[in-house]
Amino acid sequence: MDERTTSAVSWLLAADEPAVAHLTRRDLLRENALPDPAAVLAGPWVTALLAGQLADGGFGADPYRKWTGVHWRSVSLAELSVPEDEPRVAAAAEHVLAWIVDSLRHPPREVDGLPRSHASIHGNALGACTRLGLASDHRTERLAEAIISWQWPDGGWNCDHRADGHRSSFHESLRTAWGLQEYAAATGHTGAREAAARAVELFLQHRVFRRGGTGEPINARWLSTPYPSYWHYDVLTALLVITRGDRCTDPRAADALDVLERKRRPDGRWNAQAQWWRAADSRTTPEVVDWGSAGQPNLMVTLNALRVLTAAGRLTVGR
């Protein structure tokens, strides 16, 4: 490892959040040691995510409440790879799956023959429930197949009733692709793998963030590096999904990888350059976790950036 990468990895390994240290060892250093479940569950982020859980596994009446509902907490728990057999984690995942599958009773509206689905909600739920131990549940398969049936011809998904069908929503498609990737990896489901690959191809057709005609950035906000991204599209989260689809060495990802490299700090870390959440005492969209403020070095942004650049062959990480 070069000096900057060594410094960044050491910082991740010394994190107060045991889950971050474990993911660093697993994904960057390729160590086979199992995590200490008790330590991961005692971490401040995981503790906050599980605090206040009710008997039904949820955290209030609205599973989708931003960002304190069980839906969002489960996505964060999944991304931290918490032990899926922990009763509180299992109860949260069960609550999400029951809620999201019940919503399938009301299929998305079709306009001009195209489903206008909020597929990112279903995709996030699919990814979280898959990672948290429910991949083999028949309801999870039903959820995956519903998502696949809503896919647009260009490979994405869209909820906008006014869209003319020419192009899907990148926001709606990103986390949907992630959920299908997780489900395909856990079950071998061919349809999920193919649907996720089509979405990745859509992102690559636009070199991750560029307009097809002019080549200019589609949205300047997409060039930021927030964490969590929740349902928003950004260059780092897109690259992470592209990496999980084994496409990060595609030449069309090069521009986005260049952007990510330029954002690196002299000490080898990355800042969170945007922030979709507010502090726990906020009246609107509060969070239960302090993920690190925008403009400051961020553990998860740094971890994800190193995951992507290592997979793309632009960095070497190892002892």
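Above this text you will find the structure in question.
Per chain, residues are indexed from 1 in the order of the written sequence. Two thresholds apply to this predicted model, a pLDDT of at least 70 for residue-level local features and 80 or more for giving and counting side-chain atom pairs, whereas whole-chain, interface and lining totals are computed over all residues. Processing note: side-chain calculations cover all non-hydrogen atoms of the structure and skip hydrogens and water entirely.

Q: Quick question: what am I supposed to make of the pattern of salt bridges here?
A: If the charged atoms of two oppositely charged side chains come close together, the side chains can form a pair. A pairing counts as a salt bridge when a side-chain nitrogen of Lys or Arg comes within 4 Å of a carboxyl oxygen of Asp or Glu. Applying the stated criterion across every chain, the model contains 20 salt bridges. Where Asp27 meets Arg26, a salt bridge forms, and the shortest distance between an N and an O atom there is 2.6 Å. Burial here depends on accessible area, computed with a 1.4 Å probe over protein chains only, as a share of the maximum for the residue type. Under 20% is buried, over 50% is exposed, and the range in between is partly exposed. For Arg26, a relative accessible area of 32% corresponds to the partly exposed category. One salt bridge in this structure joins Asp160 and Arg162, with 3.2 Å as the shortest N-O distance. What you see here is one network of salt bridges that share partners, running through Glu201, Arg247, Asp250 and Arg252.

Q: What is the right way to read unusual backbone geometry from this model?
A: Leave glycine aside and you will find that most residues have negative phi; peptide bonds, for their part, are mostly trans. The residue after Lys66, namely Trp67, is reached through a cis peptide bond having omega -10 degrees. Helix and strand assignments follow DSSP, with helices taken as H or I runs no shorter than four residues and strands as E runs no shorter than two, numbered in order from the N terminus. Relative to the helices and strands, Trp67 is located in the loop between helix 4 (44-50) and helix 5 (70-79). Following Tyr227, the chain continues into Pro228 via a peptide bond in cis, with omega recorded as -10 degrees. Inspection of the secondary structure assignment puts Pro228 in the loop between helix 10 (190-205) and helix 11 (235-244). With phi around 55 degrees, Asp112 is a residue other than glycine that occupies positive phi space. When you line up the elements, Asp112 lands in the loop between strand 1 (110-111) and strand 2 (114-115). Even without being a glycine, Arg207 presents a positive backbone phi close to 50 degrees. Relative to the helices and strands, Arg207 resides in the loop between helix 10 and helix 11. Given a relative accessible area of 35%, Arg207 falls into the partly exposed group.

Q: Quick question: what am I supposed to make of helix 12 (residues 254-262) here?
A: Residues separated by three or four positions in an α-helix point in the same direction, a consequence of the helix having 3.6 residues per turn. Listing the buried residues of helix 12 in full gives Ala256, Leu257, Val259 and Leu260. Angular distribution of buried residues about the axis of helix 12 spans 155 degrees; they occupy a single face of the element. The contact criterion used is simple: two residues touch if any of their non-hydrogen atoms lie within 4.5 Å. The secondary structure elements touched by the buried residues of helix 12 are helix 11 and helix 13 (299-311). Arc definition: it is the arc formed by the directions from the helix axis to the C-beta atoms.

Q: How should the nonpolar core be read in this particular structure?
A: Considering soluble globular proteins, one finds that nonpolar side chains tend to be buried as a cluster. What makes a nonpolar core is a set of buried Ala, Val, Leu, Ile, Met, Phe, Trp, Tyr and Cys residues whose side-chain atoms join them at distances within 4.5 Å. Membership of the largest hydrophobic core comes to 98 residues, with the highest contact counts inside it found for Leu80, Val208, Leu239 and Trp291. Contact partners of Trp291, with chain neighbours within four places excluded, come to Trp45, Leu49, Ser76, Leu80, Tyr227, Pro228, Tyr230, Trp277 and Asn298.

Q: Explain the packing of helix 5 against helix 6 (residues 87-102) here, please?
A: Packed helices, taken two at a time, are described by the angle their axes make and the gap between the axes. One way to put it is that helix 5 packs onto helix 6 with a least axis distance of 9 Å and a crossing angle of 125 degrees. Classified by the angle their axes make, helix 5 and helix 6 are oblique. The way helix 5 lies across helix 6 gives a crossing that is left-handed. Contact residues: helix 5 offers Val70, His71 and Ser74, while helix 6 offers Ala92, Ala93, His95, Val96 and Trp99. When its residues are assigned to classes, the contact of helix 5 with helix 6 shows 5 nonpolar, 3 polar and no charged. Every axis in this analysis is a line fitted to C-alpha atoms, fitted for helices over the stretch in contact. Angles between the N-to-C directions lie between 0 and 180 degrees. Should an angle fall under 35 degrees it is taken as roughly parallel, and over 145 as roughly antiparallel, whereas 65 to 115 is taken as roughly perpendicular and any remaining angle as oblique. Crossing handedness follows the turn of the near helix against the far one: under a right angle anticlockwise gives a left-handed crossing, and clockwise gives a right-handed one. Only Asp, Glu, Lys and Arg are considered charged, only Ala, Val, Leu, Ile, Met, Phe, Trp, Tyr, Cys and Pro nonpolar, and every remaining residue, Gly among them, polar.

Q: Help me out: how do you make sense of the packing of aromatic side chains in this one?
A: To describe a pair of aromatic rings, one takes the distance between the centres and the angle between the planes. Here the aromatic set is Phe, Tyr and Trp, taking the six-membered ring for Trp, and pairing holds for ring centres within 6.5 Å; pairs whose planes are under 30 degrees apart are stacked, those over 60 apart are edge-to-face, and all others are tilted. By the definition in use, this model includes 12 aromatic pairs. Centre to centre, the rings of Phe170 and Trp222 are 5.3 Å apart; their planes meet at 15 degrees, and the pair counts as stacked. With Phe170 in helix 9 (residues 170-187) and Trp222 in the loop between helix 10 and helix 11, this residue pair connects regions lying 52 residues apart in the sequence. In this structure, Phe170 and Trp222 share a single accessibility class: buried. Chaining the aromatic ring pairs together yields one cluster made of Tyr64, Trp67, Trp72, Trp99 and Tyr230. Only when the NZ atom of a Lys or the CZ atom of an Arg is both within 6 Å of the ring centre and within 35 degrees of the ring normal do we say a charge sits over the ring. Taking NZ or CZ as reference, Arg73 lies 4.0 Å from the ring centre of Phe59, over its face. Sitting over the ring of Trp178, Arg175 keeps its end group 4.7 Å from the ring centre.

So yeah, pure geometry; function would need other evidence.
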